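Topology and contacts: notes
The residues making up each chain are set out below.
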Amino acid sequence: MSKIILSGVKPTGRPHIGNYFGAMKQFVDLQNSEPEAIKYFFVADYHALNLIQNAEEMRQHSRDIVLDFLAIGLDPNKSIIFKQSDILEHTELCWIFDAITTVPYLKRAHAYKDAVAKGGEEIINVGTFNYPMLMAADILLYDTDLVPVGKDQKQHVEFARDTAEKFNRVFDSETFKLPEPYILPNVEIVPGTDGQKMSKSYKNTIPLFADDEEIEKIVMGIVTDSTGEKPQNVYNIHKIILSANNASDVVQDKLQKIYEENKGKYKNLKEILIEDLKNFIRPLREKRAELAKDEELVNNILKVGREKAGPVATEKMKQIKKAIGVI
Ligand code: AMP
């Protein structure tokens, strides 16, 4: 049996370097290092619906994320790229999982607790509450072995494992495989410009396809403390950027030299980071702009993805429906 690798990204606007280094780069690396594996990378549009409730924005962001996937190196000849809403079995399976899951169990989810802490339970929609069950369906529908994600999604993969075990137990079957998260320790939480986890909701992101002017403005605005020799927030981002194209010992040597030579000179250090960011982002941005010229590209790729993922989901769903006794 081939190994199955699967992950998704919500189309909620421009991805940032936290999404890239925390998860999306691993999609590409695994795609290329695991030629025998079957790889699924999907646009998690039904997950995004909890946040994006405007048809035009949803359409645009969903198209954009496919271009982002291609620009970073996902290849539709090697990976199956599809849209979650194209495969009806995702939501169908989510409903089945809902029937075997309790409310207190879902209340343990960090994402739910964070949402309660921010705005109170009354404003949380049922979709946000139920998010882990749709994610369990996404993963388990394809007999996934490995889920490349950032650390913030680790608990959701554990929920998928629990749900697989529970289903197998309740329906006395071996319907589902238990998936494993794939999280790289040194990038499991990519910090933002203020040192907290990089996240759109904290407004501390560096967009993955930022233009030069934007990069300058963002880096000059990185929060630095006025004491100490090393601006930690600049250093942390610098370390991650250099790791894109260098081995870790090379990164360490380069950084040591730069931060030694510019001890206490925060402006110089920010300027060096700006150059390194520009050099890292420019080729990705240019490739993306080139791809965007082809108006039909995204539709064609999603059509092929739907044709490949659809039959797998349909077949699995038959097995699930037999296990629960509806067929
Ligand atoms: P999302 O936008 O929630 O669909 O996130 C896409 C992927 O990026 C998920 O696997 C997240 O875990 C990952 N991710 C998001 N922010 C970060 C971050 N600051 N550090 C590491 N991974 C992240």
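Calculation notes
- Residues numbered from 1 in each chain as written.
- Predicted model: local features only at pLDDT ≥ 70, side-chain atom pairs only at ≥ 80, totals over all residues.
- Heavy atoms only, no water.
- Near = heavy atom within 4 Å.
- Polar contact = N/O pair within 3.5 Å; in protein donor to acceptor, adjacent residues only side chain to side chain.
- Helix = DSSP H or I, 4+ residues; strand = E, 2+ residues; numbered from the N terminus.
- Nonpolar A, V, L, I, M, F, W, Y, C, P; charged D, E, K, R; others polar.
- Buried < 20%, exposed > 50% of the residue type's maximum accessible area, 1.4 Å probe, protein only.
- Pairing = 2+ DSSP bridges.
- Right-handed = clockwise from strand over helix to strand, strands pointing away.
- Domains from an automatic or database assignment.
- Contact = heavy atoms within 4.5 Å.
- Buried area = accessible area lost by both parts, 1.4 Å probe.
- Expected span 1.5 Å × (residues − 1).
- Axes fitted to C-alpha atoms, helices over the stretch in contact; angles between N-to-C directions.
- Parallel < 35°, antiparallel > 145°, perpendicular 65-115°, else oblique.

What follows concerns the site of the ligand. Every one of the 17 residues lining the ligand counts as a neighbour, but Lys10, Gly150, Asp152, Val190 and Met198 are closest to it. Contact between the ligand and Gly150: an oxygen atom at 2.9 Å from a main-chain N or O atom of the residue. Between a nitrogen atom of the ligand and a main-chain N or O atom of Val190, the distance comes to 2.7 Å. For the shell around the ligand, the element with the most residues is helix α1 (residues 17–33), which contributes four residues. When the residues that make up the shell around the ligand are grouped by side-chain class, the tally is seven nonpolar, six polar and four charged.

Here the focus is the pairing of strand β2 (residues 38–43). Burial analysis of β2 places five of its six residues in the buried class, which makes it a mostly covered element. In terms of strand pairing, strand β1 (residues 4–9) meets β2 through six bridges, oriented parallel. Of the residues in β2, the one forming a bridge with Ile4 is Ile38. As for the winding sense of the linkage, the β-α-β connection from β1 through α1 to β2 is right-handed. Pairing of β2 with strand β3 (residues 80–83), which is carried by four bridges, proceeds in the parallel orientation. Counted as the bridge partner of Phe41 is Ile81 from β3.

Time to look at the domain arrangement of the chain. Under the domain assignment used here, the chain contains domain 1 (4–188 + 295–324) and domain 2 (200–290). Distance between the C-alpha centres of domain 1 and domain 2: 30 Å. Each side of the interface is counted separately: domain 1 has 18 residues, and domain 2 has 18 residues. Across the domain 1/domain 2 interface, buried area totals approximately 1600 Å², and carbon plus sulfur atoms make up 63% of it.

This paragraph deals with the environment of Ile65. By the element assignment, Ile65 lies in helix α3 (residues 55–72). By relative accessible area, which is 1% here, Ile65 ends up buried. Remark: the alpha-carbon pair of Ile65 and His90, spanning 25 residues in sequence, is separated by 19 Å.

Between its terminal C-alpha atoms helix α11 (residues 248–261) stretches 20 Å, which fits the 20 Å expected from 14 residues at 1.5 Å a residue. Each element contacted by the buried residues of α11 is listed here: α10 (232–242) and α12 (266–292).

Let us look at the packing of α3 against helix α13 (residues 297–324). Viewed as axis vectors pointing N to C, α3 and α13 meet at an angle of 85°, and their least axial separation amounts to 10 Å. With respect to α13, the element α3 is oriented roughly perpendicular. Contact residues: Arg63, Val66, Leu67 and Leu70 in α3; Leu297, Val298, Ile301 and Leu302 in α13. Each residue belonging to the contact of α3 with α13 can be placed in one class, and the counts come to seven nonpolar, no polar and one charged.

Quick look at α10 now. Burial of α10 is extensive: eight of the 11 residues sit out of reach of the surface. Taken together, the buried positions of α10 are Asn233, Val234, Tyr235, Ile237, His238, Ile240, Ile241 and Leu242. Packed against the buried residues of α10 are α1, α11 and α12.

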